[in-house]
Amino acid sequence: MAHIIVVGNEKGGAGKSTVSMHVATALSRMGHKVGCLDLDLRQKTMGRYISNRSAFMAKSDLNLPTPDYQDLPEIDQASVPDGENIHDHRLSMAVAGLEPENDFILIDCPGSHTRLSQVAHSLADTLITPLNDSFIDFDLLAHVDSDGEEITGPSVYSEMVWNARQLRARAGLSPIDWIVVRNRMGAQQMVNKEKMERVIAKLSKRIGFRTAPGFNERVIFRELFPRGLTLLDLRDLGVKGLNISNVAARNELRGLISALNLPGVTVDF
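Fair warning: this is a prediction, and the values are worked out from it, not measured in the lab. (Residues numbered from 1 in each chain as written. Predicted model: local features only at pLDDT ≥ 70, side-chain atom pairs only at ≥ 80, totals over all residues. Heavy atoms only, no water.)

A. Fine view of the sheet that holds strand β9 (residues 210–213). Overall, parallel pairing links the seven strands, which are arranged β3-β2-β4-β1-β5-β8-β9 in an open sheet. Single-partner strands in this sheet number two, and they are β3 (68–69) and β9. Here strand β8 (residues 177–183) pairs with β9 via four bridges, running parallel. Paired with valine 180 across the strands is threonine 211, a residue of β9. Sheet strands touched by helix α6 (residues 156–170): β5 (126–132) and β8. Its angle to β8, the strand with the most contacts, is close to 155°. (Pairing = 2+ DSSP bridges. Helix = DSSP H or I, 4+ residues; strand = E, 2+ residues; numbered from the N terminus. Contact = heavy atoms within 4.5 Å. Axes fitted to C-alpha atoms, helices over the stretch in contact; angles between N-to-C directions.)

What follows is the structure, encoded as structure tokens:
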């Protein structure tokens, strides 16, 4: 069976699609077959990323390792039994279609609460939650007191993950390996960063997730999107000398893939 990776949270701007594209492409480059779904049916940033990649390869006569992206199939509402949700059927059909041919299926969720996102979380073998390193974004996971030191309660997103875990347990499936990826971390040891580290450490023990460093804010990610490229594609384009920022970003990606501890994956880039 394919290992399902879900990238999700309920807040926009945390870097979900950037993480999704880089993880999927890195796995493809390491020889794994990867299928992708984008559940943001309106914006489809992940879908646009791969569409841009296909167009750039055709224009440049390149053949870059690329995950297999599929749109959700359309289903006639009349074919759905009474009391069942059409989106559940669309997602299950998409996953079933990708599973036989792929080692991994990566699902990029929207930055909001939807039925599709809720169901996708219950399918996750690995859940990646990108999180900007600020208390505004930490509120996605839990609420804290006015000093930013004590956790006062879980968020609705954490409760959704807990519900997904319960569904998997009842179905006899393996537990979700939940990794919170801290994006846009500052280089300096500021007071806010230190507080974030303390409350995240407390919360990880309380609700059961691991943490991993993600990507810092870098111009390169915005520059690569129109061509559908990732950091690992630059050398195929004849870029011989990466600048310091690009090398650092590549190292961040290597660290992230290693931290995910995915089955059968040995990082070799």
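B. Highlighting helix α4 (residues 115–123). Taken as a whole, α4 has its buried residues at Leu116, Ser117, Val119, Ala120, His121 and Ser122. Of the surrounding elements, those touching the buried residues of α4 are β1 (3–7), α3 (86–98), β4 (104–108), β5 and α6. (Buried < 20%, exposed > 50% of the residue type's maximum accessible area, 1.4 Å probe, protein only.)

C. Structural context of the side chain of histidine 121. Its place among the elements puts histidine 121 in helix α4. Each residue touching histidine 121, except ones within four places of it in the same chain, is listed here: Val6, Gly8, Cys109, Leu127, Tyr157, Met160, Val161, Ala164 and Ile176.

D. Geometry of the packing of aromatic side chains. Taken as a whole and assessed by the stated rule, the structure comprises five aromatic pairs. Measuring from centroid to centroid gives 6.3 Å for tyrosine 157 and tryptophan 178, while their planes differ by 65°, and the two rings are edge-to-face. Of the two residues, tyrosine 157 is situated in helix α6 and tryptophan 178 in strand β8; the sequence distance between them amounts to 21 residues. We classify tyrosine 157 as buried; its relative accessible area is 0%. For tryptophan 178, a relative accessible area of 2% puts it in the buried group. One residue, arginine 227, lies across the ring of phenylalanine 56, its end atom 5.9 Å from the ring centre. (Phe/Tyr/Trp six-rings, centres within 6.5 Å; stacked < 30°, edge-to-face > 60°. Lys NZ or Arg CZ within 6 Å of the ring centre and 35° of its normal.)

E. Seen up close, the environment of valine 156. In this fold, valine 156 is placed in helix α6. Residues valine 156 and aspartate 40, 116 residues apart in the sequence, show an inter-C-alpha distance of 19 Å.

F. Summary view of unusual backbone geometry. Here lysine 44, not a glycine, exhibits a phi torsion of approximately 50°, which is positive. In this structure lysine 44 comes out as partly exposed when scored by relative accessible area, which is 27%.

G. Structural context of helix α9 (residues 244–260). Taking 1.5 Å as the rise per residue, α9 with 17 residues should run 24 Å; its terminal C-alpha atoms sit 25 Å apart, in good agreement. For α9, the full list of buried residues reads Asn246, Ala249, Arg250, Glu252, Leu253, Leu256, Ile257 and Leu260. The buried residues of α9 occupy an angular sector of 155° when the element is viewed end-on, so they sit on one face. Each element contacted by the buried residues of α9 is listed here: α1 (16–29), β5, β8, β9 and α8 (219–224). At the N-terminal boundary of α9, the capping side chain belongs to asparagine 243, with an oxygen 3.1 Å from the backbone nitrogen of serine 245. Directly after α9, the chain includes asparagine 261, whose backbone phi takes a positive value near 55°. (Expected span 1.5 Å × (residues − 1). Arc of directions from axis to C-beta. Polar contact = N/O pair within 3.5 Å; in protein donor to acceptor, adjacent residues only side chain to side chain.)

None of this, on its own, says anything about what the molecule does.
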